[in-house]
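Overview (structure and organization)
Chain by chain, the residues run as shown.
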Amino acid sequence: MLDDFFVRALIAGIGIAVMAGPLGCFVIWRRMAYFGDTMAHSALLGVALSLLFELNLMVSVFIVAAVVSVLLLFLQRRGALSTDALLGILSHSALSFGLVIVAFMTWVRIDLVGFLFGDILAVSESDIDIIWGGGILVIFAIVYLWRPLLASTVNPELAEAEGLKPERTRLFFMLLMALVIAIAMKIVGILLITSLLIIPAATARRFSTSPEVMAVLASVIGALAVTGGLFGSLHWDTPSGPSIVVAAVGLFVLSLLPIGRRPIEAAHHSTPGGHH
Amino acid sequence: MLNFRSPETLPLVNLSNAGVRRNGRWLVRGVEFSISPGEIVTLIGPNGSGKSTTAKTAIGVLKADEGHVERKPGLKVGYVPQKLAVDWTLPLTVERLMTLTGPLKGREIEEALSATGVLHLAKAEVQHLSGGEFQRALLARAIARKPDLLVLDEPVQGVDFSGEIALYELIKQIRNRTGCGILLISHDLHIVMAETDTVVCLNGHVCCRGTPQAVSQSPEYQKLFGRRAAGTLAVYSHHHDHTHLPDGRVLHADGSITEHCYPGDGHHHDDEENVHDHGEDCGCGHHTRLHGYDVKEKGDA
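Source: prediction; values computed, not measured.

With that settled, the discussion passes to the overall build of chain A. Along the backbone of chain A there are twelve helices and zero strands. Starting at the N terminus, the α and β elements of chain A follow one another as α-α-α-α-α-α-α-α-α-α-α-α. Based on the C-alpha atoms only, the size of chain A along its principal axes is roughly 80 × 50 × 30 Å. Pairs at least 24 apart in sequence give 72% of the contacts found in chain A among residues at least 6 apart.

This is the structure in structure tokens:
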């Protein structure tokens, strides 16, 4: 059954959505959307370097994304420019260096559109092994790091004062992001990885009563978006990455509709004179 | 009240000549104090005087760039930071906030929340709380951990006057019941918690230190604050030998003006009065009373 490219893409895509869910929650709680974009853009430099030095693609992308995030930490410490400006510089310089290096390598033909926007045809059986192996690793790491990650999201100084290690946690978080980007790149594409992190998490917010619920819901919503998007991509012959994002945005818009809000308001107004 | 300060008790935290430097500027320097179990130390000083920096240095969030900070091994800290903004995208109820940095039993959570009077808000999202309610929730979270040292950075901000008195009452009860040490940062330069054992006044360094005088001794304050406040609040009168001018320079009691007021600069010494209610370790040299300081600082605060 797995020789069917579509089923492979589906299994791979759901694997990515599951690990992107909790990570994406932290990206929006910590306001790191632009940071995620920067790491994702640096993936193209990873692609170029992997072709140049004939390295494994995912390993190369992971290393470049990790180096970029450590570089950002270092530049932030120096404090000469705002994080915003630093991210802009890193993001576009990594993307452009990647494109320029690829252009120099006239002897290689690469499917640039495939890398930028994702390609479901590109998923092999070994990719599935890597995605689910990596996915399980990411989920275990998040569960293990959950408390320090959440505490340092609320307030790093509080976490530090009460014996958790926010700096170390942050480094691990960045490595996890790099890992997810390296794994997800093939399916969703470099330019759209951040949206798979952010949109399902943002959709989950309204229905969540705790951080844990939001993380699980984000995974479920991401998996729905991947499934819907891939079916659409197959049906209308559209690129897989954008199709997944369109499906995710569709779910997000649905979550904005005032369905299910009424009971809360009704309950609130049903106690006239009961206000205190 | 129990006496927790037996001679063999080691201090929870001890700062000696501690200083923190950022971007070539000393945020605070020459800080000396210690907190023992059951002791309440209040830090006061104008904005930017290094109160929060000092508190963070004491608990290891910031590293001292000079001097020494010693903490009891395995010290358990409960911390209420001065500012804490929870992003609205994070669904966090008061109940969930309680176990942010460590697990707690349901009973412990309930006890702490009812002690600070916010048990009815357990299911509420923290973003929906008023400033005062959020402060109480944060205090509940810090005490539920049963810390050895409770560090409260302006815990009564956003709390109305009667709420402030109630919170100080509660802090006193926590100290008496658990025997933990408390480091309190006060937003007020003159009114401190009556139970405070030591007041440390900072302005880039330790300006002066001492014990507060009970409000109840002063009829004006009793009239101003009411009878209930009189037992809870106390007045701290500063004994400075120098004034910090608005441009950052320092006017000394001998009339000279210097760029800074680090001890040992030759302006902190020898006066006929030699007022010394704060011991040799205050880091400021000898002090004389400088009248008019109080009024001036009140305007700055």
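Across its full length, chain B carries eight helices and 15 strands. Relative to its 301 residues, chain B shows a buried fraction of 46%. Of all intrachain contacts in chain B linking residues separated by at least 6 positions in sequence, the fraction that spans at least 24 positions is 65%.

A few words now on the sheet that holds strand β7 (residues 181-185) of chain B. All names here are of chain B. Taken in spatial order, the six strands of this open sheet run β5-β6-β7-β3-β9-β10, and their pairing is mixed. Each of the sheet's edge strands pairs with one partner strand only, and the pair in question is β5 (77-80) and β10 (206-210). For this sheet the average axis-to-axis angle between neighbouring strands, irrespective of direction, equals 15°. In terms of strand pairing, β5 meets strand β6 (residues 149-153) through four bridges, oriented parallel. Bridged to Val77 within β6 is Leu149. Each of β3 (40-44), β5, β6, β7 and β9 (198-202) is contacted by helix α1 (residues 51-59), which is oriented at about 155° to β7, the strand it contacts most. Across the sheet, helix α4 (residues 131-144) touches β5 and β6, and the angle it forms with β5 is around 175°.

Take the interface of chain B and chain A next. Of the residues lining the interface, 18 residues belong to chain B; the matching set on chain A comes to 21 residues. Contributing elements (two or more residues each) for the side of chain B that touches chain A: α1 and β5 of chain B. Grouping the constituent residues of the side of chain B that touches chain A by class yields twelve nonpolar, three polar and three charged.

Glancing now at α4 of chain B. Residues and elements named next belong to chain B. Here α4 is 14 residues long and its end C-alpha atoms lie 20 Å apart, about the 20 Å a rise of 1.5 Å per residue gives. Of all the residues in α4, the buried ones are Glu133, Phe134, Gln135, Arg136, Ala137, Leu138, Leu139, Ala140, Arg141, Ala142, Ile143 and Ala144. Check the buried side of α4 and you find it contacts β5, α2 (94-98), α3 (106-115), β6 and α5 (161-178). One or two positions beyond α4, positive phi appears at Lys146, with a value near 50°.

All right, on to the sheet that holds strand β1 (residues 13-22) of chain B then. Residue and element names in this part refer to chain B. Judged by pairing direction, the sheet is antiparallel, and its three strands sit side by side in the order β2-β1-β4 without closing on themselves. Lying at the two open borders of the sheet, with one neighbouring strand each, are β2 (25-35) and β4 (66-71). Adjacent strand axes in the sheet meet at a mean angle of 25°, parallel and antiparallel pairs treated alike. Two strands pair when backbone bridges link them, and β1 and β2 are joined in this way by seven bridges, in the antiparallel orientation. Looking at the pairing, Val13 lines up with Ile35 of β2. Where α1 meets the sheet, it contacts β1, β2 and β4, and its direction lies at approximately 120° from that of β1.

Further remarks concern the packing of helix α1 (residues 5-29) of chain A against helix α9 (residues 193-205) of chain A. The angle between the axes and the distance between the axes are what describe a pair of packed helices. Residue and element names in this part refer to chain A. Close contact between α1 and α9 brings their axes to 7 Å; oriented N to C, the two are set at 75°. When the interaxial angle is binned, α1 and α9 end up roughly perpendicular. Each of Ile16, Ala17, Ala20, Gly21, Leu23, Gly24, Cys25, Val27 and Ile28 in α1 lies in contact with α9, whose residues at this interface are Leu196, Leu197, Ile198, Pro200, Ala201 and Ala202. Here the contact of α1 with α9 is composed, by residue class, of 13 nonpolar, two polar and no charged.

Residues and elements named next belong to chain A. With their axes 7 Å apart at the nearest point, α1 and helix α10 (residues 211-236) run at an angle of 150° to one another. Here α1 is positioned roughly antiparallel relative to α10, judged by the angle of their axes. Between α1 and α10 lies a crossing of right-handed hand. Here α1 contributes Phe6, Ala9, Leu10, Gly13, Ile14, Ala17, Val18, Ala20, Gly21, Pro22, Gly24 and Cys25 to the contact with α10, which in turn contributes Pro211, Met214, Ala215, Ala218, Ser219, Gly222, Ala223, Ala225, Val226, Thr227, Leu230 and Leu234.

Let's shift gears to α10 of chain A. Three- or four-residue spacings in an α-helix give side chains the same orientation, since the helix completes a turn every 3.6 residues. Compared with the 38 Å implied by 1.5 Å per residue over 26 residues, the 37 Å span of α10 of chain A between its first and last C-alpha is a close match. Residue Asp237 of chain A follows α10 of chain A closely and has a positive phi angle near 55°.

Another point: the environment of Glu164 of chain B. Residues and elements named next belong to chain B. Position of Glu164 relative to the elements: it lies in helix α5. Overall, Glu164 belongs to the buried group, with 23 C-beta atoms counted inside 10 Å. Along the sequence, Glu164 and Glu66 sit 98 residues apart, while their C-alpha atoms lie 36 Å from each other. Apart from residues no more than four positions distant in its own chain, Glu164 is found in contact with Val156 and Val159.

What follows concerns the nonpolar core. Residue and element names in this part refer to chain A. One finds Ala65, Val180, Ile181, Ala184 and Leu196 to be the most contacted residues of the largest nonpolar core, which totals 160 residues. Of all the elements, helix α8 (residues 166-188) adds the most residues to this core, at 14 residues. Sequence-distant contacts of Ala184, that is, excluding residues within four places in its chain, are made with Ile16, Ala20, Ile193 and Leu196.

Before going further, it helps to examine unusual backbone geometry. You will see that Asp237 of chain A, though not glycine, has its phi angle at about 55°, which is positive. Structurally, the position occupied by Asp237 of chain A is in the loop between α10 and α11 (240-256). The phi torsion at Asn17 of chain B lies on the positive side, around 55°, for a residue other than glycine. Structurally, Asn17 of chain B can be placed in strand β1.

Moving on: the confidence of the model for chain B. Residues and elements named next belong to chain B. Confidence along chain B averages 77 in pLDDT terms, with 70% of residues attaining 70 or more. When mean pLDDT is taken per element in chain B, α2 scores highest with 95 and helix α8 (residues 293-300) scores lowest with 37. Ignoring residues within four places in sequence, the model shows residues 1-7, a span with pLDDT below 50, making ten contacts including any to other chains. Scored below 50 in pLDDT, residues 265-301 makes 71 contacts in the model with residues more than four places away or belonging to other chains. Overall fold confidence (pTM) sits at 0.81, and the ipTM for the predicted complex is 0.81.

A word on the environment of Ala20 of chain A. Mapped onto the fold, Ala20 of chain A is located in helix α1. Sequence-wise, Ala20 of chain A and Leu51 of chain A are 31 residues apart; in three dimensions their C-alpha atoms are separated by 27 Å.

Calculation notes
- Residues numbered from 1 in each chain as written.
- Chains lettered and ligands numbered in written order.
- Predicted model: local features only at pLDDT ≥ 70, side-chain atom pairs only at ≥ 80, totals over all residues.
- Helix = DSSP H or I, 4+ residues; strand = E, 2+ residues; numbered from the N terminus.
- Contact = placed C-beta atoms within 7 Å.
- Buried ≥ 20, exposed ≤ 12 C-beta atoms within 10 Å, placed from the backbone.
- Pairing = 2+ DSSP bridges.
- Axes fitted to C-alpha atoms, helices over the stretch in contact; angles between N-to-C directions.
- Nonpolar A, V, L, I, M, F, W, Y, C, P; charged D, E, K, R; others polar.
- Expected span 1.5 Å × (residues − 1).
- Parallel < 35°, antiparallel > 145°, perpendicular 65-115°, else oblique.
- Left-handed = near helix turned anticlockwise from the far one by under 90°.
- Core = buried A, V, L, I, M, F, W, Y, C linked by C-beta atoms within 7 Å.
- pLDDT = per-residue confidence, 0-100.

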